[in-house]
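Observations on chain architecture
For reference, the chains in residue letters:
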Amino acid sequence: MTDYYIKTKRAFTIIRTYGWLLTVLIAIGGLWQPKLGLLVILIMAGLTVTAFFTGRYWCGNFCPHGSLFDVILMPLSKNRKISKLLKSKVMIGGFFLFFMFNFSKKVFNVAKLWGSMAFLDRLGFVFVTTYLMVLVVGGVLALFVNARTWCQFCPMGSIQKMSYSLGKLLGVTKRTDRKVTIASQAQCHTCGKCARVCPFQLTPYLEFTDKNQFDNVNCIKCSTCVENCPAGILSIATERDALALKESTSLEGYENRQAIQAQITEIIDLNKDTKEYTFTFISPQKVAYRAGQFILLKIEDEPKSYRAYSISTYNDDGSKVSVIVKKVDQGYGTDIIFTRFTVGDMVELEGPMGEELVPDREVEKILFIGNGIGITPFVGLAKDVLLNQPVASQVKLLSGQRFEEDFLYDDYFRQLDDQYEQFEYISVASRVKSDKYHKGHVTDVLKEMDVEGYKVYMCGTKNMIIDSYNILIGKGVRKEDIFYEGEERIKEIA
Ligand SMILES: Cc1cc2nc3c(=O)[nH]c(=O)nc-3n(C[C@H](O)[C@H](O)[C@H](O)COP(=O)(O)OP(=O)(O)OC[C@H]3O[C@@H](n4cnc5c(N)ncnc54)[C@H](O)[C@@H]3O)c2cc1C
Ligand code: SF4
Ligand code: SF4
């Protein structure tokens, strides 16, 4: 079984990348220079004050131990599920009392030295040993369970929760608190990636409020979910900004999203790791979708998870839909789809969704660009515009793959090229020596192409989309005439 939780980069700032050096300095350096421990007083003050305004933001953005766990130990961690016991109120409360009792006892003993030369060194040493204890215990838990296991019951986390509650009670947080925010719940793919990458193993996608915010006191506002959401619809925002975003987000392409019961009626092997699945709609029996949209396929109930797939058919009578799925190495969802889904199975779909790749019916010159598995929407789109868009006088498809066997629907596109005068199919292969294909990447061909007056629709790898976008802008194509969708969110040009 493939792992549910994914290790991804969590250090997005310099403080988060190098903060761990402070932990080492205090916990190890403090053994020789105990006064270094006094820095912890500033850290405690910092986390208490920030928490008053915006909860556990410190843990996700400034905590030196958090940086150590995320940057140094996460790559070595077993990355297991954190047990409910370690997250329980009994554990958190019990450990807080135990910790505070011991810590206060030590500080009380040192307080007797007030006024003496040894006072600052002894006080600093109390903090140094505490810091060292967190490094050792938290470090072992990070390696054998999950990088942020310690943080589940960290007493500093409890102090922050108390300070946060006070801020809430006094009405301060309403304006200052920044929470994970979703632009629109209708655009969520329910893929659970935000939960799979979350250091705290929280499930934001299942808990957004009607204000489109994730209201969980344990969220450390670390932005890992924001950076990884494939739909690019998450941000960290105040309540006011969340409401403004909700108002301004266009739902075009998502109006017909609905739950659909369907049956798998055909599975075709397209190559060694790619299959085409056809779903016949059962309830409702007809679904209005357009080529260029995508659909969600439920992979499991607990936790509720779907995967997004581009529709590879054009909608001739609205009774079925096909998607092409490529098996991903270590892929959680594709492992389930490839091993469990067979012809005759009933499945749950949700959709249709998306409008980025759906051309307006009045567009005359269309350039489709796809590489890798990003070619799938163009299987349906090419046919749809040729059959249903009479004004489309010039339609080009630029398709890039590495090897010959990677070209999906190659004969079909060549047939359309022969059959329709207005259609041109240009296939480019980077690792094939054959006259059948242009040599290189789609960007090599794009540089030489006449793209004047074209509207461009791209789907594929992040690098291909960014490079093609820059070439198109360089050739004078207007920003608003370029549309793209990728498996990964593309912030660089968004
Ligand atoms: C709008 C849209 C349309 C799409 N259309 C298509 C389509 O037509 N066809 C298609 O095949 N796909 C398509 N996708 C992608 C699809 O939704 C899935 O993301 C894809 O099938 C992989 O799902 P998965 O659960 O198997 O992979 P995941 O498990 O989510 O893995 C994703 C990546 O993370 C890595 N990973 C997984 N687990 C770990 C781990 N424990 N540690 C480190 N790394 C890990 C994997 O190697 C992989 O690179 C589309 C995506 C979007 C957003
Ligand atoms: S929900 Fe998002 S911001 Fe909050 S802890 Fe998890 S990954 Fe970080
Ligand atoms: S990661 Fe997936 S489930 Fe989470 S908000 Fe983004 S689209 Fe929705």
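Residues numbered from 1 in each chain as written. Chains lettered and ligands numbered in written order. Predicted model: local features only at pLDDT ≥ 70, side-chain atom pairs only at ≥ 80, totals over all residues.

Let's talk about the site of ligand 2
Close to ligand 2 lie 15 residues; Cys198, Cys219, Cys222, Thr224 and Cys225 are nearest. Among the residues making up the shell around ligand 2, the classes are represented as 11 nonpolar, 3 polar and 1 charged. (Near = placed C-beta within 6 Å. Nonpolar A, V, L, I, M, F, W, Y, C, P; charged D, E, K, R; others polar.)

Focus: the packing of helix H5 (residues 64–73) against helix H8 (residues 119–144)
At a minimum axis distance of 11 Å, the contact between H5 and H8 shows a crossing angle of 35°. Note that H5 runs across H8; the crossing there is right-handed. Side by side, H5 and H8 meet where His65, Phe69 and Leu73 of the first sit next to Val134, Gly138, Gly139, Ala142 and Leu143 of the second. When grouped by side-chain class, the residues that make up the contact of H5 with H8 number 5 nonpolar, 3 polar and no charged. (Axes fitted to C-alpha atoms, helices over the stretch in contact; angles between N-to-C directions. Helix = DSSP H or I, 4+ residues; strand = E, 2+ residues; numbered from the N terminus. Left-handed = near helix turned anticlockwise from the far one by under 90°. Contact = placed C-beta atoms within 7 Å.)

Concerning unusual backbone geometry
A cis amide bond links serine 283 to the next residue, proline 284, at an omega of -5°. Examined against the element boundaries, proline 284 turns out to sit in the loop between strand E4 (274–283) and strand E5 (294–300). Its identity is not glycine, yet asparagine 212 carries a phi of approximately 65°, on the positive side. Within the secondary structure, asparagine 212 is located in the loop between helix H11 (193–197) and helix H12 (224–228).

Notes on the nonpolar core
Ranked by size, the top nonpolar core spans 61 residues in total, and within it Ile295, Val323, Ile366, Phe368, Ala382, Leu398 and Val456 carry the most contacts. In terms of domain composition, this core takes at least three residues from each of domain 3 (258–353) and domain 4 (365–486). With sequence-adjacent residues up to four places away left out, valine 456 is seen in contact with Leu367, Ile369, Val451, Leu472, Val477, Asp481, Ile482 and Phe483. If you look at the next biggest cluster of nonpolar residues, it comprises 54 residues, including Leu47, Phe52, Cys194 and Ile233. (Core = buried A, V, L, I, M, F, W, Y, C linked by C-beta atoms within 7 Å. Buried ≥ 20, exposed ≤ 12 C-beta atoms within 10 Å, placed from the backbone. Domains from an automatic or database assignment.)

So, the sheet that holds strand E11 (residues 423–429)
If you walk across this open sheet you meet the 6 strands as E12-E11-E10-E9-E13-E14, and the pairing is parallel. If you trace the sheet from one side to the other, it starts and ends with strand E12 (438–439) and strand E14 (482–486), each paired once. As judged from the 5 bridges shared by strand E9 (residues 365–371) and strand E13 (residues 455–460), these two strands associate in the parallel manner. Paired with leucine 367 across the bridge in E13 is valine 456. (Pairing = 2+ DSSP bridges.)

Let's talk about the environment of lysine 106
Turning to its location among the elements, lysine 106 is positioned in helix H7 (residues 89–111). Judged by the 16 C-beta atoms lying within 10 Å of it, lysine 106 falls in the partly exposed class. Separated by 16 residues in the primary sequence, lysine 106 and arginine 122 place their C-alpha atoms 9.6 Å from one another.

A word on the domain arrangement of the protein
Annotation of the protein at the domain level lists domain 1 (14–167), domain 2 (178–248), domain 3 (258–353) and domain 4 (365–486). Relative to domain 4, the C-alpha centre of domain 1 lies at a distance of 54 Å.

Examining the sheet that holds E5
Strand order in the open sheet formed by 6 strands is E6-E5-E8-E3-E4-E7, with antiparallel pairing between adjacent strands. One side of each edge strand has no neighbouring strand; the edge strands of this open sheet are strand E6 (305–310) and strand E7 (320–326). Recorded for the sheet is a direction-independent mean angle of 40° between the axes of neighbouring strands. Bridge count between E5 and strand E8 (residues 346–353): 3 bridges; the pairing is antiparallel. Bridge pairing in E8 links phenylalanine 294 to methionine 353. Strands in contact with helix H14 (residues 332–340) are E5, E6 and E7; relative to E5, the strand with the most contacts, it is inclined by about 80°.

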